[in-house]
Amino acid sequence: MKRIVVILVLLLGMAGCGVKTFPVPPRRLPPPPAANLSAEVSGGTLTLSWQIQKAEDGKNAAAGFRVYRSKEPVSEPDCKTCPVTYEQVADLAVSDTDREKGRMIHTESLEKGYRYKYKVTVYGVGEIVGQDSESVNIVY
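The notes below deal with the structure included here. (Residues numbered from 1 in each chain as written. Predicted model: local features only at pLDDT ≥ 70, side-chain atom pairs only at ≥ 80, totals over all residues. Heavy atoms only, no water.)

### Some remarks on the overall build of the chain
Going by this rule: Labels follow the DSSP assignment, with helices taken as runs of H or I lasting at least four residues and strands as runs of E lasting at least two, numbered in each case from the N terminus. The classification of residues rests on relative accessible area computed with a 1.4 Å probe and restricted to protein chains. Under 20% of the type maximum is buried, over 50% is exposed, and intermediate values are partly exposed. Residues count as neighbours in contact if any of their non-hydrogen atoms are within 4.5 Å of one another.
Within the chain one finds 2 helices and 8 strands. Traced from its N-terminal end to its C-terminal end, the chain shows the element sequence α-β-β-β-β-α-β-β-β-β. The buried share of the chain, reckoned over its 140 residues, is 31%. Long-range contacts, defined here as pairs at least 24 residues apart, represent 67% of the contacts in the chain between residues at least 6 apart.

Laid out in structure tokens, this is it:
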């Protein structure tokens, strides 16, 4: 009888709460997306600008923005229902000066005879990616 009690106590002692794994860091929320994306073309140069939104909690601030572009010849028909294929054209880190101004700017040259679409994606510390901005369309 004593053996059975000892075996039961040992079995209960070996039963744990499950498999142990490495600790998981607390989940961070992504930074708020870029706001009010606008485009201006002057002399073949595009200037994109957008507002940096402040994080409500002060912790999930934007570390940078990635600018994406889609480029199609004007000679091809514009398909409104087709998926848009974007390529990354810039990765811009947010400086303290940018934060103070609350705005970011990206410039690049355009080629004539193309239809362009741009969007901006925000990312935070640790490469946590936020939502895409609205897109802007340009025919040049």
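### Some remarks on the environment of R103
Inspection of the secondary structure puts R103 in strand β5 (residues 103-109). Residue classification places R103 among the partly exposed positions, given a relative accessible area of 32%. With 54 residues separating them along the chain, R103 and S49 place their C-alpha atoms 6.9 Å apart. Setting aside chain neighbours within four positions, we find R103 in contact with N36, S38, S49, W50, Q51, I52 and D98.

### Quick look at the state of the cysteines
Going by this rule: The disulfide criterion used throughout: a pair of cysteine sulfur atoms within 2.5 Å.
With the rule as written, the count across this model stands at 1 disulfide. One disulfide in the model links C79 with C82; its S-S distance is 2.0 Å. Between C79 and C82 the disulfide shows an S-S torsion of about 80 degrees. By sign, it is right-handed. Since its relative accessible area comes to 30%, C79 is described here as partly exposed. The exposure class assigned to C82 is partly exposed, which follows from its relative accessible area of 39%.

### Considerations on the side chain of S49
Stated formally: Any pair of nitrogen or oxygen atoms within 3.5 Å is treated as a polar contact; in protein, a donor-acceptor pairing is required on top of that, and neighbouring residues in sequence qualify only through side-chain atoms on both sides.
Counting through the fold element by element, S49 comes out in strand β2 (residues 45-51). On the basis of relative accessible area, S49 is assigned to the buried category, the value being 12%. Separated by 3.1 Å, the side chains of S49 and R103 make a polar contact. Beyond its immediate chain neighbours, meaning those up to four positions away, S49 contacts N36, L37, S38, R103, M104 and I105.

### A word on the side chain of R115
Within the secondary structure, R115 sits in strand β6 (residues 114-123). Of note is the side chain of R115, whose polar atom sits 3.4 Å from the backbone oxygen of P73. Not counting residues within four places of it along the chain, the set of residues in contact with R115 comprises S70, K71, E72, P73, V74, E76, P77, D78, I138 and V139.

### Structural notes on the sheet that holds β2
We count it as follows: Think of it this way: DSSP has to see at least two bridges between two strands before they count as a pair. A fitted line through C-alpha atoms serves as each axis, taken over the contacting stretch for helices, and the angle formed by two N-to-C directions is quoted from 0 to 180°.
Read across the open sheet, the 3 strands follow the order β1-β2-β5; overall the sheet is antiparallel. One side of each edge strand has no neighbouring strand; the edge strands of this open sheet are β1 (35-42) and β5. Put simply, the sheet's adjacent strands are angled 15 degrees from each other on average, direction ignored. As judged from the 6 bridges shared by β1 and β2, these two strands associate in the antiparallel manner. Bridge pairing in β2 links A39 to L48.

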